[in-house]
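Chain by chain, the residues run as shown.
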Amino acid sequence: MMEKKNVKRTRIAAVRFTAAEFTAIEKKFKGTTCRQMSEYMRSCLLNKPITTRYRNESLDEFMLEMIRLRKEFSAVANNFNQSVKKLHTLRQIPEFRYWISSTEAQRSELLERLEVIQKWMDKTAGRWLQ
């Protein structure tokens, strides 16, 4: 990996902008990976490459839907879990024992599938947010 030289900059070039010009420059700067405005301006003036951030806006709606689905999945799993726990308190009634055991298997399967979906959604969101 190449190390950057620590160059001491001693020369100043002052440039005046209108408010609209400065706003436009600032907007472009914020869309880059440059850490400082001076770094961005030097790169522009010296025709150096500038890395810009790219956002695929078509994914915005998809991601909003995915976030909503994650919340719903979590709520469904939580509600189902609470229902099963409540049923476990009613073990003395024979009909509930059968229902509890059959529901327990469904619960496990539902939670496993929700976990797989949630991991996929987390992975997709992580890739998209980079």
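Please refer to the structure higher up on the page.
About the criteria used
Residues numbered from 1 in each chain as written. Predicted model: local features only at pLDDT ≥ 70, side-chain atom pairs only at ≥ 80, totals over all residues. Heavy atoms only, no water. Salt bridge = Lys/Arg side-chain N within 4 Å of Asp/Glu carboxyl O. Helix = DSSP H or I, 4+ residues; strand = E, 2+ residues; numbered from the N terminus. Buried < 20%, exposed > 50% of the residue type's maximum accessible area, 1.4 Å probe, protein only.

Student: Can you walk me through the pattern of salt bridges in this structure?
Tutor: It is possible for side chains of opposite charge to pair when their charged atoms get near one another. Summed over all chains, the structure comprises four salt bridges. In this structure, arginine 113 engages glutamate 109 in a salt bridge whose closest nitrogen and oxygen atoms are separated by 2.7 Å. Of this pair, arginine 113 and glutamate 109 are both found in helix H4 (residues 94-129), four residues apart, which corresponds to roughly one turn of the helix. The residue glutamate 115 makes a salt bridge to lysine 119 at a minimum N-O spacing of 3.4 Å. Of this pair, glutamate 115 and lysine 119 are both found in helix H4, four residues apart, which corresponds to roughly one turn of the helix. Under the relative-accessibility criterion, glutamate 115 is labelled partly exposed at 46%. Exposure remark for lysine 119: the relative accessible area of 54% places this residue in the exposed category.

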